[in-house]
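Architecture and fold: a report
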Amino acid sequence: VRLVESGGGLVQAGGSLRLSCSASGNTLVINAMGWYRLAPGKERELVATKDYFGRTNFTDSVKDRFTISRDNTKNTVYLQMNSLKPEDTAVYFCYYKQGYSHAVYWGQGTQVTVTV
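Computed from a predicted structure; not experimentally measured.

About the criteria used
Sequence order sets the numbering: in each chain, residues are counted from 1 along the sequence as written. Local features in a predicted model are, by the rule used here, given only for residues with pLDDT of at least 70; side-chain atom pairs are given and counted only at 80 or more, and totals for whole chains, interfaces and linings are based on all residues. Hydrogens are left out, water is left out, and the side-chain values use all remaining heavy atoms of the structure. What counts as a helix is a DSSP run of H or I of at least four residues, what counts as a strand is a run of E of at least two, and both are numbered from the N terminus. In this treatment the radius of gyration is a C-alpha quantity, and the globule benchmark scales as 2.2 Å times the residue count to the 0.38 power. When a residue's accessible area, from a 1.4 Å probe over protein chains only, is under 20% of the maximum for its type it is buried; when over 50% it is exposed; and in between it is partly exposed. Residue contacts are counted whenever heavy atoms from the two residues lie within 4.5 Å of one another. Method for areas: the Shrake-Rupley scheme with a 1.4 Å probe, in which residue coverage is limited to the protein chains shown. Lys and Arg are tallied as positive, Asp and Glu as negative. Neither His nor the chain termini are counted. Charge placement uses NZ in Lys and CZ in Arg. For Asp and Glu, CG and CD serve respectively. What counts as a disulfide here is a pair of cysteine sulfur atoms lying within 2.5 Å. We define the nonpolar core as a collection of buried residues of types Ala, Val, Leu, Ile, Met, Phe, Trp, Tyr and Cys that are connected through side-chain atoms lying within 4.5 Å of one another.

Below, the discussion takes up the overall build of the protein chain. Counting its secondary structure elements, the protein chain contains zero helices and eleven strands. Ordered by position from the N terminus, the helices and strands of the protein chain form the series β-β-β-β-β-β-β-β-β-β-β. Here the C-alpha atoms of the protein chain give a radius of gyration of 13 Å, agreeing with the 13 Å that 2.2 N^0.38 yields for 116 residues. Principal-axis analysis of the C-alpha atoms places the extent of the protein chain at approximately 40 × 25 × 20 Å. Relative to its full complement of 116 residues, the protein chain shows a buried share of 43%. Looking at the protein chain alone, contacts between residues at least 24 apart form 54% of all its contacts between residues at least 6 apart. Summed over its atoms, the accessible surface of the protein chain is roughly 6200 Å², and 49% of this surface lies on carbon and sulfur atoms. Side chains of the protein chain carry 13 positive and 9 negative charges; the gap between the two charge centres is 5 Å.

We now examine unusual backbone geometry. One non-glycine residue with positive phi stands out, namely Asn75, at about 50°. Position of Asn75 relative to the elements: it lies in the loop between β7 (66-71) and β8 (76-81). A positive phi angle is found at His102, which is not glycine, with a value near 60°. Summarising the element assignment, His102 is placed in the loop between β9 (90-98) and β10 (104-106). In this structure His102 comes out as exposed when scored by relative accessible area, which is 51%.

Evaluated as defined, the whole model comprises one disulfide. For Cys21, the disulfide goes to Cys94, at an S-S distance of 1.9 Å. Torsion about the S-S bond of the Cys21 and Cys94 cystine: about -85°, corresponding to left-handed handedness. Highlighted residues: Cys21 in strand β3 (residues 17-24) and Cys94 in strand β9, separated in sequence by 73 residues.

Grouped burial of nonpolar side chains is what soluble globular proteins tend to show. Residues Trp35, Val47, Phe66, Leu79, Met81 and Tyr92 are the most contacted members of the largest nonpolar core, which totals 24 residues. Sorting the residues of this core by element identifies β3, β4 (31-38), β5 (45-51), β7, β8, β9 and β11 (110-115) as the ones contributing at least two each. Those residues in contact with Tyr92 that sit more than four places away from it in its chain are Glu5, Leu19, Trp35, Tyr36, Arg37, Val47, Phe66, Leu79, Met81, Gly109, Thr110 and Val112.

Structural data, given as structure tokens:
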């Protein structure tokens, strides 16, 4: 499974960014996709995930600001990030978990930098 991410960048606090991630290769319809992030000096943390059935999972710090959506016909997941804060600065990694086998795949990462 190959994951291609796009949409990171530099934005001022309060601004918005939209990340996208498309999966290709040996994918299954039943899967979960989403985003984790890694900030300097911190452990990798889940940001948001959404599975094929629409079930979502968010970390508390982004619940009221970020939205995750999917286009199952394109095997693509989107993360709309609003009201960005400097503490959202991190490398964001696309996450794909295969149904049945539960194999996990990662994207190459995209940098999100939020300035004051």
